[in-house]
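Spelled out, the chains give:
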Amino acid sequence: MYWADLLAEEIKEKYKAQIKAGKPLVIRDEKTASGRVHVGSLRGVAIHGIISEILKEEGINNKFLYEINDFDPMDSIPVYLDREKFLPHMGKPLCNIFSPDGKAKNYAEYFAEEFIGVINEIGFEPEFYRNSELYKSGKYNEAIKIVLENTGKIREIYKTVSGSIKPEDWLPLQVVCENCGKIGTTKVVSFDGEKVEYICEPELVEWTTGCGHKGKISPFNGNAKLPWKVEWAAKFFILNVDIEGAGKDHSTKGGSRDIADAICREIFKREPPFNIPYEFFHVAGKKMSASKGEGSSSREIADLFPPEILRLLLLGKHYKQVIDFVPDGDTVPILFDRFDELAENYFKNIQNGYKRLFELIFSPEKRKKIK
Ligand SMILES: [Zn+2]
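Residues numbered from 1 in each chain as written. Predicted model: local features only at pLDDT ≥ 70, side-chain atom pairs only at ≥ 80, totals over all residues. Heavy atoms only, no water.

Participant: It is not clear to me how the overall build of the chain should be interpreted in this structure. Could you clarify?
Facilitator: The number of helices and strands found in the chain is 15 helices and 13 strands. Taken against the 2.2 N^0.38 rule, which gives 21 Å for 371 residues, the C-alpha radius of gyration of the chain at 22 Å falls within 12% of a compact globule. With respect to the principal axes defined by its C-alpha atoms, the chain has extents near 70 × 50 × 35 Å. Among the 371 residues that make up the chain, the fraction classed as buried is 54%. Look at the contacts in the chain between residues 6 or more apart in sequence, and 67% of them connect residues 24 or more apart. Of the charged side chains in the chain, 54 are positive and 57 negative; the average position of the first set lies 3 Å away from that of the second. (Helix = DSSP H or I, 4+ residues; strand = E, 2+ residues; numbered from the N terminus. Rg over C-alpha atoms; globule rule 2.2 N^0.38 Å. Buried < 20%, exposed > 50% of the residue type's maximum accessible area, 1.4 Å probe, protein only. Contact = heavy atoms within 4.5 Å. Lys, Arg positive; Asp, Glu negative; His and termini not counted. Charge placed at Lys NZ, Arg CZ, Asp CG, Glu CD.)

Dropping the structure here:
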């Protein structure tokens, strides 16, 4: 059986009560829009996307949500941008920085638009949303309150799950500084149930400096954000996520996913989503690097291939196997040869996993036509 069909079987078993009750399953993935998106990020899109497609084909109602994370601070400047121009903006939320081309709505949108274009071109159609919108619309408010009222327990979770020791006065929240606009530099020092006191620390991080401002502000409606592992759990909670895979680097024992799962369970009192810990996507033997972007962005690779070949690259390997893509080596001719073999097998109607793979490398629309 094809690996994604096997996963769909496991998911159907796990959520049979919810499916029976007619409540749609929520599938989620995300990408931080901090620069040109590396082709490797398409692996998550394809894994979640194919699960969503398979479930839909079987009449199982589901929503595939894809987050453009635009509220994280800018913590590095991609090599292809003018460093001097962006340096003063380091530490600000990505959605509050101007677009490199001066045309897109903001910095994050500039890179998101390109990536969304590629996702749609290869036939996946998730519902896109922006993390900043979730914060600004108040969707995180309840989660922020719960977190600030349970900091002791969260500190304990970090310690038991990963061995990491957080200081006694640690409050897992970062405010957008009212003076300099940076979010990466602020430290919250107190919460009185309504407002938080914070300091914009000059030396909190190495990559930028805070302005020293001290303030008191409501932590709700987009004024502040949770640190990422806590935020991850909060997303499971507020979006009712049922299925969310994560790259192998996050899924190690005691790693970020274990922490997020434990916070989800113990603080938000919700069962964490079904995980799909998937392997790396290497380009020429190297792990992907988002900030370097050396000719291996999703757009550049998508321009080399028809969508079916790119889907074959992403879906042709079991999720537990490394994909090693060598653009100027033999990966490309091998992919085209494999496509031909799969097509031959398909049209001879040989019933095997390859027949299924050939169907799935077509978008749902085109799949109907070849069947
Ligand atoms: Zn500041």
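Participant: Explain the coordination of the zinc ion to me, please; I cannot follow it from the model alone.
Facilitator: A four-donor tetrahedral metal ideally has 109.5 degree angles, and a six-donor octahedral metal ideally has angles of 90 or 180 degrees. Looking at the zinc ion, one finds its protein donor set to be Cys177 (SG), Cys180 (SG), Cys200 (SG) and Cys211 (SG), positioned 2.3 to 2.4 Å from the metal centre. Positions of the donor residues of the zinc ion, expressed as sequence spacing, correspond to C-x2-C-x19-C-x10-C. Taken together, the residues span a long stretch of sequence, with cysteine 177 in the loop between strand 4 (174-175) and strand 5 (186-191) and cysteine 211 in the loop between strand 6 (196-200) and strand 7 (214-217) at a distance of 34 residues. We classify cysteine 177 as buried; its relative accessible area is 3%. (Donors = N, O, S within 2.8 Å, 3.2 Å for Na, K, Ca; no water.)

Participant: Please clarify how the packing of helix 3 (residues 42-57) against helix 12 (residues 307-315) should be interpreted in this entry.
Facilitator: Relative orientation and spacing of two packed helices are given, respectively, by the angle between their axes and the distance between those axes. Running from amino to carboxyl end, helix 3 crosses helix 12 at an angle of 95°, the nearest separation of the two axes being 9 Å. Classified by the angle their axes make, helix 3 and helix 12 are roughly perpendicular. Of helix 12, the residues touching helix 3 (which contributes Leu42, Arg43, Ala46, Ile50 and Glu53) are Leu310, Arg311, Leu314 and Leu315. In the contact of helix 3 with helix 12, the residues fall into 6 nonpolar, no polar and 3 charged. (Axes fitted to C-alpha atoms, helices over the stretch in contact; angles between N-to-C directions. Parallel < 35°, antiparallel > 145°, perpendicular 65-115°, else oblique. Nonpolar A, V, L, I, M, F, W, Y, C, P; charged D, E, K, R; others polar.)

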